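# Tertiary structure, described
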Amino acid sequence: MSNTTQSSDFPRTDPNSSPKCVRVCQNRACKKQGAVDVLAAFAALPVAGVIVTASSCLGQCGNGPMVLVLPEMVWYSGVQPSEVPLLVEQHLLGDQRVKQMLYYRFHPLG
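Conventions and cut-offs
- Residues numbered from 1 in each chain as written.
- Predicted model: local features only at pLDDT ≥ 70, side-chain atom pairs only at ≥ 80, totals over all residues.
- Heavy atoms only, no water.
- Buried < 20%, exposed > 50% of the residue type's maximum accessible area, 1.4 Å probe, protein only.
- Helix = DSSP H or I, 4+ residues; strand = E, 2+ residues; numbered from the N terminus.
- Arc of directions from axis to C-beta.
- Contact = heavy atoms within 4.5 Å.
- Salt bridge = Lys/Arg side-chain N within 4 Å of Asp/Glu carboxyl O.
- Pairing = 2+ DSSP bridges.
- Phe/Tyr/Trp six-rings, centres within 6.5 Å; stacked < 30°, edge-to-face > 60°.

## Let's talk about helix 2 (residues 35-43)
Residues Ala35, Val38, Leu39, Ala41 and Phe42 constitute the buried set of helix 2. Buried residues of helix 2, seen end-on, are gathered within an arc of 155 degrees and therefore sit on one face of the element. Of the surrounding secondary structure, the elements contacted by the buried residues of helix 2 are strand 1 (20-25), helix 1 (28-32), strand 2 (50-55), strand 3 (67-70) and helix 3 (84-93).

In structure tokens, the structure reads:
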């Protein structure tokens, strides 16, 4: 008998079954670029089953305001408050990435 654990013994996480979480960076550089207003825009458009939170630095300073959608690990950069309704409608409600807003460093082909 073996004491090793097979990978099939571990629970599998389906990204579609986990609740979505939107993290909006609120660190210095993103705040200077308007991240407080971006967070407020998300708060004004609540989506059932989606958690919106303020985040500490996401490590992409100078490209903000940065928005990270989990569990899919979709990064958006330079998000403006006026663009939040499109992001909510297309990504959070429609499950389609907003290609023109994707952060090029992590999504080079859009």
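Still more ground to cover, so stick around.
## Re unusual backbone geometry
A cis amide bond links glycine 64 with the next residue in sequence, proline 65, at an omega value of 0 degrees. Note on placement: proline 65 falls in the loop between strand 2 and strand 3. Positive phi is not limited to glycine here, since methionine 73 has a value of about 60 degrees. With respect to the element layout, methionine 73 can be found in the loop between strand 3 and strand 4 (74-76). For aspartate 95, which is not glycine, the phi dihedral falls at a positive 55 degrees. On the secondary structure map, aspartate 95 appears in the segment after helix 3. On the basis of relative accessibility, which here comes to 53%, the residue aspartate 95 falls in the exposed class.

## Section: the pattern of salt bridges
Overall, the coordinates contain two salt bridges when judged by the stated rule. For glutamate 72, the salt bridge goes to lysine 20, with nearest N and O atoms at 2.8 Å. In this pair, glutamate 72 is assigned in the loop between strand 3 and strand 4 and lysine 20 in strand 1, connecting sequence segments 52 residues apart. By relative accessible area, which is 13% here, lysine 20 ends up buried. What you see here is one network of salt bridges that share partners, running through Lys20, Glu72 and Asp95.

## Thoughts on the pairing of strand 1
When you tally the buried positions in strand 1, you get five out of six residues, the bulk of the element. The pairing of strand 1 with strand 2 spans six bridges and is classified as parallel. Opposite cysteine 21, over in strand 2, you have isoleucine 51 as the bridge partner. Relative to strand 3, strand 1 runs antiparallel, the two being bridged by four bridges. From the neighbouring strand, cysteine 21 faces strand 3, where its bridge partner is leucine 70.

## Digging into the packing of aromatic side chains
Scanning the entire structure with this criterion turns up three aromatic pairs. Each ring, one from tyrosine 103 and one from tyrosine 104, has its centre 5.3 Å from the other, and the planes form 70 degrees; the classification is edge-to-face. What makes tyrosine 104 exposed here is its relative accessible area of 51%. Of the aromatic side chains, those joined through ring pairs into one cluster are Trp75, Tyr103, Tyr104 and Phe106.

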